[in-house]
Amino acid sequence: MNGTMTALVWRDAGELRLEKRPLPHIQDPRDAIVRVTLSSICASDLHIRDGAVPRARPGVILGHEFVGEVVEIGPEVRKVRPGMRVAANVETFCGSCFFCRHDYVNNCEQGGWELGCRIDGCQTEYVRVPFADNGLNPIPADLTDEEVIFVGDVLSSGYFGAELAEIRPGDTVAVLGAGPVGLCAMACARLFGAGRIIAVDLLESRLCLARARGWADDAINAAGEDVEARVRELSAGKGADAVIEAAGGGDTFQTAWKIARPHACVAVVAMYAEAQSLPLHRMYGKNLIFKTGGVDAVHCDRLIRLIAEGRLDMRPLITHRLPLERILEGYDIFERKSGNCIKCVVTPATAEQVFNPPE
């Protein structure tokens, strides 16, 4: 199988290049090859670009959030078949190790976050997906690519954050960060029965979106408001019943535990650029529960069903659309939040299928 494709490649800290790369091929009986029809840019792609992800491999094709069409499968793949539209999972997981059997797929002994980090990802035209029966989820015919593009990463992360937070019906839930993951966490917190959702961010445009879509009931602009005082005001003086920290700012972890009421749960799903401190002597007596970690993306099929039922719609996150040839411009837009950017989606310029697996 010959041919090349356009791909965004990370070469070294701060260095991204659009290059021609060989088409991928089946390397393991459990692999599938997927023609990418839509991908997106994620904050973790910026972390890799900047050299902040030690496990990332120089020379890797970036990207892990995508949908596409299966064009070839290995002999042991059963769930998907050529011609099937699929949404990809951010996690590569075997499904059989100790961690996978307990749904801790982020810690799979044979995988974890691999696509666009340690193996070639999706900001290209074709991608090899290991353990395809676990890493690919069929898309119903009546759903568009844009409706399901976020299922395998930011929506799974938002759902994971809401699940970690131990939300009970009627709870007041504060979400720090109204970026893609934070907005998804708000939408999912509603599914878990949250009675009041408080969005906290520095950007008024994102807070307005959260309120307009019904993902948040109240919004606090941390650039000009006292977050602790406002949360107490909105929670009858006690603090939030659950806090989801999705911002990852310099002081947002400290804010998260301060705005939580005693005996609350603080779910930390943010990625930090630097170490955070846990000042136990100051929080002693609040009896808080902290849960942290990278997403265990085991609910993709459930999320697709919720989208099909009309209970989740994250399409408003898409603010910019670009062809693959302009993806470097998309990185700049996404990083600078130009034009109130929340998410950029990317479409390979060549729509025709050029992949011809052997008979």
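Residues numbered from 1 in each chain as written. Predicted model: local features only at pLDDT ≥ 70, side-chain atom pairs only at ≥ 80, totals over all residues. Heavy atoms only, no water.

Under the annotation held in an unreviewed UniProt entry, the chain carries the name Alcohol dehydrogenase and is attributed to Desulfovibrio fairfieldensis. UniProt, in its Cofactor (unreviewed entry) section for the chain, records the words "Zn(2+)". Listed under Sequence similarities (unreviewed entry) in UniProt, the entry text for the chain is "Belongs to the zinc-containing alcohol dehydrogenase family." (UniProt positions renumbered as here; feature names shortened; annotations may be inferred.)

K.L.:
For this particular structure, what's the right way to read empty space enclosed by the protein?
P.N.:
Inspection of the entire model under this criterion finds one cavity of 30 Å³ or more. Taken as a whole, the largest cavity spans an internal volume of roughly 30 Å³. Asn89, Glu91, Thr92, Leu115, Val129, Pro130 and Gly135 are the residues that line the largest cavity. The class makeup of the residues in the lining of the largest cavity is three nonpolar, three polar and one charged. (1 Å grid on protein atoms, 1.4 Å probe; cavity = no way out; pocket = protein on both sides within 12 Å on 5 of 7 lines; lining within 4 Å. Points joined across faces, edges and corners; volume = space filled by probe spheres on them. Nonpolar A, V, L, I, M, F, W, Y, C, P; charged D, E, K, R; others polar.)

K.L.:
Before we go on, may I ask you to explain the domain arrangement of the chain in this structure?
P.N.:
When the parts come together, some accessible area is lost, and that loss is often what is quoted as the size of the interface. What the domain assignment reports for the chain is domain 1 (4-153 + 296-355) and domain 2 (155-292). Placing a centre on the C-alpha atoms of domain 1 and another on those of domain 2 gives a separation of 27 Å. Contacts between the two partners involve 25 residues from domain 1, matched on the other side by 19 residues from domain 2. Of the roughly 1900 Å² buried at the junction of domain 1 and domain 2 (both faces included), carbon and sulfur atoms supply 70%. At the boundary of domain 1 and domain 2, one finds one salt bridge. (Domains from an automatic or database assignment. Contact = heavy atoms within 4.5 Å. Buried area = accessible area lost by both parts, 1.4 Å probe. Salt bridge = Lys/Arg side-chain N within 4 Å of Asp/Glu carboxyl O.)

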